[in-house]
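Close look at the chain arrangement
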Amino acid sequence: MPERIVLLAFALVGGVSVLKGLGPDVADGIDFYWLLSYRHGFIRRALIGTLFQPLLKYGSYQQLKPVILDLHIAACIAIIALCSALFWRVIAGEKSPENRVTLALSFLCLMCSPLMPTLGHDVGYVDVYLITLALISVWLAQRRQYGLAVLPPLVGPLIHESFLFVWAPVAIVLAWSCVVTRREALRRLLTAAVPVCSTAAVVFFQSPSAAARAIETLPVTETLKDGLRAYELDQTVVSSFAMMRRYQFPGNGAHVATSLTYFLVPSALIIAAAVFCHWRVWRLRWATLVVVVAAAISPVAAILFAWDLSRFVVWSNLAAAITLIASGTLLAGRDEVP
Amino acid sequence: MTRRRLLAVVLNVVSVAASIFYLLAPTVYTFFSEAQLSYSRAPRWFATTAPARVTARFFDSYNATAPRAERFQRQLSCFLTDLGATHRAGCLHEIRRGEAVAGPAMLKIASGRYVAYFEFGDSEACPAGGEVRLQILTPGRFGRILADFSGRVLPGERIELPFQLKLMDAALSALEFRATGINECVLLRRAGWTQPVTAG
């Protein structure tokens, strides 16, 4: 009972942390996430817009912007609630008082980390929905409900392919848990791989003509449409990486180092907590440590393809928390703990 | 105390310290070439704490070579928005009584002592100069006026305004140049700022 109260208090701190960054309105230039839909055919990044379309019967997009802000706040609350539930499950399975305190304080570290204000900051972006889906899937996987756990990662890439970077730590720990526990390998590997297949389907089945028509009918400026054509139609992994290598990385090495140093401290502390709490129950300890670290920093790979540096680096805070949770359950063969 | 318990104490103390630090620190949003720090809906006193200052110091030099700031510095008058003033070809601005120009949008530079300048010219509509108020300010929640001048300016005149952009001002606010007409008419030809005289 005291732990529940402490976690609730830390969750409230997470709420303050989100408020610290919460933007006043939908960020400039990202209206298309809410306006693009499947009306003209299957196109990527249009699921949110398709779900939002029915609301446009009740008001114009401008009138409905406060609804997007409300949805954003609701998603942030959902993320905090899911993190609380996941941490509670791990704490409940621990007998050692030191471990229980360390896990609870790791949750506090996550709630205060730069992840939370950054999530609040990006109103209108779809990151909060991607993270919510990933956390729901982790929650289901922890309960060994793999049949349901595959659904969120199936949907995530339909919202945005960057779901792969949110999902990377989950995929890594699921795959490694097969190696160390040799249990439910097929289910876990399938769950881990689902978003890769889903992303491939999104890329393969997108209709360029439908995307062109959808962009043409958007009520935004021509400048924005031009940018969107490049973003929706021409953007590939290779072109994104080439752009980053040519324009963003040269001369900015010190900036990248500064950002990584600042944003990854909470991740390092959460990983240290994972080692402290679960080292003794890990099988293949040193290899598991390498896997845990790799999983925690895996979302940082997104900066090879996108220039919103901190927006993607802070995902590592969440990734570290996911690996901490998984390291005490999936990687320790204790996912059956109630 | 066992070794394990000692380890737990050390780890937990560091975790709590880091949590307090990051909770009080501003929201940091970085791109590859520019960093923006802000407090949106947190108490104002958050900005007076040590974590706020440490974070501001840590990211202060981040914006020293920001390409956007360099572009603004080359042709600032082209990025000023007319608030009732009349835009003329060549990024000139005719400013009459009650009219103003202000901008640019989201100019982030490192802290330090700078000198801002405004250069005036003449046109058929504004042949003899006029009275104008020139300000360098940091608008927004943590806004301050850093330099202020009011007086008559003549065509061909250059007004220089030294100002100090302090660490927290540089971190939490953007820099804005503003010219407001008080009397008659002036033609703003150029505006800009020098490289920092000293670090903030």
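See the structure printed just above.
Reading guide: rules and limits
- Residues numbered from 1 in each chain as written.
- Chains lettered and ligands numbered in written order.
- Predicted model: local features only at pLDDT ≥ 70, side-chain atom pairs only at ≥ 80, totals over all residues.
- Heavy atoms only, no water.
- Contact = heavy atoms within 4.5 Å.
- Buried area = accessible area lost by both parts, 1.4 Å probe.
- Salt bridge = Lys/Arg side-chain N within 4 Å of Asp/Glu carboxyl O.
- Polar contact = N/O pair within 3.5 Å; in protein donor to acceptor, adjacent residues only side chain to side chain.
- Axes fitted to C-alpha atoms, helices over the stretch in contact; angles between N-to-C directions.
- Helix = DSSP H or I, 4+ residues; strand = E, 2+ residues; numbered from the N terminus.
- Parallel < 35°, antiparallel > 145°, perpendicular 65-115°, else oblique.
- Nonpolar A, V, L, I, M, F, W, Y, C, P; charged D, E, K, R; others polar.
- Buried < 20%, exposed > 50% of the residue type's maximum accessible area, 1.4 Å probe, protein only.
- Pairing = 2+ DSSP bridges.
- Core = buried A, V, L, I, M, F, W, Y, C linked by side-chain atoms within 4.5 Å.
- Domains from an automatic or database assignment.
- Phe/Tyr/Trp six-rings, centres within 6.5 Å; stacked < 30°, edge-to-face > 60°.

Quick notes on the interface of chain A and chain B
At the junction of the two partners, chain A supplies 49 residues and chain B supplies 36 residues. Of the roughly 3,600 Å² buried at the junction of chain A and chain B (both faces included), carbon and sulfur atoms supply 63%. Taking the shortest distance from any N to any O, the salt bridge between A:Glu98 and B:Arg5 comes out at 2.9 Å. At the boundary of chain A and chain B, one finds 23 residue pairs in polar contact (both at pLDDT 80 or more).

Details of the packing of helix H15 (residues 253-278) of chain A against helix H2 (residues 50-59) of chain B
At a minimum axis separation of 11 Å, H15(A) and H2(B) run at an interaxial angle of 155°. With respect to H2(B), the element H15(A) is oriented roughly antiparallel. Taking contact as the criterion, the partners of A:Thr258, A:Ser259, A:Thr261 and A:Tyr262 in H15(A) are, on H2(B), B:Thr55, B:Phe58 and B:Phe59. Grouping the constituent residues of the contact of H15(A) with H2(B) by class yields three nonpolar, four polar and no charged.

Quick look at the pairing of strand E10 (residues 158-165) of chain B
As a general feature of sheets, a regular strand has side chains that alternate between the two faces. Residues and elements named next belong to chain B. Burial along E10 is one-sided: the residues Ile159, Leu161, Phe163 and Leu165 are buried and none of Arg158, Glu160, Pro162 and Gln164 is. In the sheet, strand E7 (residues 112-121) pairs with E10 via eight bridges, with the strands oriented antiparallel. Each bridged residue has a counterpart across the sheet, and for Glu119 the counterpart in E10 is Arg158.

Description of the pairing of strand E1 (residues 27-30) of chain B
Residues and elements named next belong to chain B. Judged by which residues are buried, E1 turns out to be covered on both faces: Thr27 and Tyr29 on one side and Val28 and Thr30 on the other are all buried. With four bridges joining them, E1 and strand E2 (residues 35-38) adopt antiparallel strand pairing. When the sheet's bridge partners are listed, Thr27 is paired in E2 with Ser38. Hairpin connection from E1 to E2: four residues lie between these consecutive antiparallel strands.

Overview of the pattern of salt bridges
Counting across every chain of the model gives 22 salt bridges over all chains. A salt bridge links A:Glu184 to A:Arg144, with the nearest nitrogen and oxygen atoms 3.3 Å apart. On the criterion of sequence distance, the pair formed by A:Glu184 in the loop between helix H10 (163-181) and helix H11 (185-205) and A:Arg144 in the loop between helix H7 (127-142) and helix H8 (146-149) is long-range, its members being 40 residues apart. Given the relative accessible area of 34%, A:Arg144 is considered partly exposed. Across the pair B:Glu119 and B:Arg189 runs a salt bridge whose closest N-O atoms are separated by 3.3 Å. Placement of B:Glu119 in strand E7 and of B:Arg189 in strand E11 (residues 175-193) is noted, with a sequence separation of 70 residues between them. Here B:Glu119 falls in the buried class, since its relative accessible area comes to 9%.

Remarks on the nonpolar core
Ranked by internal contacts, the top residues of the largest apolar core, which has 135 residues, are A:Leu115, A:Ile131 and A:Leu135. Counting residues per element, this core draws most heavily on helix H4 (residues 61-92) of chain A, at 14 residues. When residues are assigned to domains, this core turns out to be shared by domain 1 (2-63) and domain 2 (75-193) of chain B, each giving three or more. Contacts of A:Ile131, omitting those with residues within four sequence positions, involve A:Ile79, A:Leu115, A:Leu119, A:Val166, A:Trp315 and A:Leu318. Judged by nonpolar contacts, the second largest core, of 33 residues, contains B:Phe72, B:Leu76, B:Ile136 and B:Leu175.

Quick look at the packing of aromatic side chains
On inspection of all chains with the given rule, the structure shows 30 aromatic pairs over all chains. Between A:Tyr262 and B:Phe59 the ring centres are 5.0 Å apart and the planes differ by 80°, which places this aromatic pair in the edge-to-face class. Placement of A:Tyr262 in helix H15 and of B:Phe59 in helix H2 is noted, with the two residues assigned to different chains. Overall, A:Tyr262 belongs to the buried group, its relative accessible area being 6%. A relative accessible area of 3% places B:Phe59 in the buried class. Taking 5.3 Å as the distance between ring centres and 85° as the angle between the ring planes, the aromatic pair formed by B:Phe21 and B:Tyr22 counts as edge-to-face. Note on B:Phe21: relative accessible area 21%, which makes it partly exposed. Classification of B:Tyr22 as buried rests on a relative accessible area of 7%. Grouping aromatic residues by their ring pairs yields a cluster made of A:Tyr262, A:Phe263, B:Phe21, B:Tyr22, B:Phe58, B:Phe59 and B:Tyr62.

Details of unusual backbone geometry
B:Pro104 follows B:Gly103 through a cis peptide bond whose omega is -5°. Along the chain, B:Pro104 turns up in strand E6 (residues 100-107). Within the chain, A:Arg45 stands out as a residue other than glycine whose phi angle is a positive 60°. Examined against the element boundaries, A:Arg45 turns out to sit in the loop between helix H2 (32-35) and helix H3 (47-52). The phi dihedral of B:Cys91 is positive, around 60°, even though this residue is not glycine. Position of B:Cys91 among the secondary structure elements: in the loop between strand E4 (86-88) and strand E5 (92-96). Judged by relative accessible area, which is 15%, B:Cys91 ranks as buried.

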